Amino acid sequence: MTGAPSRLPGPAFFEREGERVVPGAHAASRWGAMLNGRTLAGLVAWATERDHADVAYQPARLTVDMFRAVPVEPMLVTTTSVRDGHRVKVIDVSLQQGELEVSRGSVVLLRRGDPPPGEVFSAPLWDAPDPDRLPTLEGGPPWETRPVGGDGRSFGRAAWVRERAPFVAGEAHSPFLRAALASDVTNLLANSGDRGLGFINADLTLYLARSPVGEWIGCEATDHADADGVAFGSSSLYDRGGRIGHVALCAVADPRLVTPG
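In this text, all values refer to a predicted model and were calculated from it rather than measured experimentally.

Observations regarding the overall build of the chain
Thinking step 1. Helix and strand counts for the chain stand at three helices and 17 strands.
Thinking step 2. Taken against the 2.2 N^0.38 rule, which gives 18 Å for 261 residues, the C-alpha radius of gyration of the chain at 18 Å falls within 12% of a compact globule.
Thinking step 3. Expressed as lengths along the three principal axes of its C-alpha atoms, the size of the chain is roughly 55 × 50 × 40 Å.
Thinking step 4. Relative to its 261 residues, the chain shows a buried fraction of 48%.
Thinking step 5. In the chain, once contacts between residues fewer than 6 apart in sequence are set aside, the share between residues at least 24 apart is 65%.
Thinking step 6. When the accessible surface of the chain is totalled, it reaches about 12600 Å², and 53% of it is carbon and sulfur.
Thinking step 7. Taking the average place of the 26 positive charges on the side chains of the chain and the average place of its 32 negative ones, the gap between the two points comes to 2 Å.

In structure tokens form, the structure reads like this:
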């Protein structure tokens with residue numbers, strides 16, 4: 001949609017097989033033989049651009065419902081145009097394995113144009129160090145993570161992330177896809193405790209004022225609350241030029257990754 005797509009070497013998260021996509025080892029979750037949230041968000045963004053790319057429109061909101069464990073198995077990703085207006089487009093996305101819908105999403109696309117006159121409130125600038133000045137997380141996931149304010153051994157509450165592997169084999173990462181993949185880091189940053197991550201997110205909503213420029217995306221946790229095993233978390237997203245968006249998600253307690261007391 002905007003920005004230059006980037007190609008990466010190495011094994012991909014998914015391979016195309018006819019009308020289906022087939023997940024590889026990178027797509028597996030920390031919780032076992034199931035697809036992780038970032039890949040589901042990535043598939044929603046990827047399918048939207050595959051079927052409805054239009055440079056005149058900004059992908060302004062992406063929502064993914066993660067209502068069941070999704071096996072690491074081939075799936076069909078289909079899209080439906082719900083609204084094809086002059087200023088607003090809405091796309092529904094369905095992820096299916098066999099006859100079963102395993103996840104779903106939607107994307108709102110808004111027409112780009114000139115901003116209105118006058119000054120509007122703006123949040124303070126993010127004062128995080130440049131990612132080139134930070135260590136890479138040791139033993140991290142198949143995407144590169146550089147925690148802000150840490151020693152390279154834990155995620156903390158903010159981090160820069162960039163992709164290290166192709167998402168779909170033979171295809172470049174678009175800026176929108178990279179933002180969708182980075183957005184799921186919010187659960188790690190906002191909902192982790194002093195014994196690890198004890199919440200698994202059941203949804204994700206990404207808002208983008210603009211698409212990221214460059215390979216690095218910064219994510220800083222902005223809020224968390226939980227009660228009776230239910231939580232929400234949120235974060236702000238950045239590139240090196242400043243703030244680009246916001247992420248919010250809800251989560252349910254799952255102690256499998258928590259260190260016993």
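Having seen it, we continue.
Side note on the nonpolar core
Thinking step 1. Ranked by size, the top nonpolar core spans 54 residues in total, and within it F14, L43, L62, M75, L95 and F167 carry the most contacts.
Thinking step 2. In terms of residue count, helix α1 (residues 37-52) provides more of this core than any other element does, seven residues in total.
Thinking step 3. Excluding its chain neighbours within four sequence positions, the residues that come into contact with F14 are V21, V22, P23, A27, L35, T39, L43, F167, V168 and A169.

Here we look at the pattern of salt bridges
Thinking step 1. Tallied over the entire structure, the rule returns 13 salt bridges.
Thinking step 2. Salt-bridge contacts for E163 lead to R38; the nearest nitrogen and oxygen are separated by 2.6 Å. You can see E163 sitting in strand β10 (residues 158-163) and its partner R38 sitting in helix α1, a full 125 residues away along the chain.
Thinking step 3. The partner of R162 in a salt bridge is E215, with the nearest N and O atoms 2.6 Å apart.

Some details on the environment of G156
Thinking step 1. By the element assignment, G156 lies in the loop between β9 (143-147) and β10.
Thinking step 2. A C-alpha to C-alpha distance of 9.6 Å links G156 and G193, two positions 37 residues apart in sequence.

So, the packing of aromatic side chains
For any pair of aromatic rings, the description consists of the separation of the ring centres together with the inter-plane angle of the planes.
Thinking step 1. Considering all chains together, one arrives at four aromatic pairs under this definition.
Thinking step 2. Judged by centre distance (5.3 Å) and plane angle (65°), the rings of F14 and F167 are edge-to-face. Linking F14 in strand β1 (residues 14-17) with F167 in the loop between β10 and α2 (175-183), this pair joins segments that are 153 residues apart in sequence.
Thinking step 3. In this structure F14 comes out as buried when scored by relative accessible area, which is 0%.
Thinking step 4. On the basis of an interplanar angle of 15° and a centroid distance of 4.3 Å, the ring pair of W126 and Y238 is categorised as stacked. Of this pair, W126 sits in the loop between β8 (100-111) and β9 while Y238 sits in strand β16 (residues 230-239); the two residues are 112 residues apart in sequence, bridging distant segments of the chain. This pair shows no difference in class: W126 is buried, exactly as Y238 is.

Examining the pairing of β10
Thinking step 1. The buried fraction of β10 amounts to six of the six residues, a majority that puts the element mostly inside the structure.
Thinking step 2. Taking every second residue as pointing to the same face, both faces of β10 are buried, with A158, W160 and R162 on one and A159, V161 and E163 on the other.
Thinking step 3. Pairing between β9 and β10: five bridges, direction antiparallel. Each bridged residue has a counterpart across the sheet, and for E144 the counterpart in β10 is R162.
Thinking step 4. Judged from the four bridges that link them, β10 and strand β15 (residues 217-227) form a sheet pairing that is antiparallel. Its bridge partner lying in β15, V161 is registered against I217.

Concerning the pairing of strand β2 (residues 20-23)
Successive side chains on a regular strand alternate, one facing one side of the sheet and the next facing the other.
Thinking step 1. Burial along β2 is one-sided: the residues V21 and P23 are buried and none of R20 and V22 is.
Thinking step 2. Between β1 and β2, which pair antiparallel one after the other, the connecting turn spans two residues, and G18 there sits at a positive phi close to 65°.
Thinking step 3. Sheet topology note: the β2/strand β6 (residues 75-84) ladder contains two bridges and is antiparallel. Note that in β6 the partner of R20 across the bridge is L76.

Quick notes on the rules
Residues numbered from 1 in each chain as written. Predicted model: local features only at pLDDT ≥ 70, side-chain atom pairs only at ≥ 80, totals over all residues. Heavy atoms only, no water. Helix = DSSP H or I, 4+ residues; strand = E, 2+ residues; numbered from the N terminus. Rg over C-alpha atoms; globule rule 2.2 N^0.38 Å. Buried < 20%, exposed > 50% of the residue type's maximum accessible area, 1.4 Å probe, protein only. Contact = heavy atoms within 4.5 Å. Areas by Shrake-Rupley, 256 points an atom, 1.4 Å probe, with all protein chains shown as cover. Lys, Arg positive; Asp, Glu negative; His and termini not counted. Charge placed at Lys NZ, Arg CZ, Asp CG, Glu CD. Core = buried A, V, L, I, M, F, W, Y, C linked by side-chain atoms within 4.5 Å. Salt bridge = Lys/Arg side-chain N within 4 Å of Asp/Glu carboxyl O. Phe/Tyr/Trp six-rings, centres within 6.5 Å; stacked < 30°, edge-to-face > 60°. Pairing = 2+ DSSP bridges.

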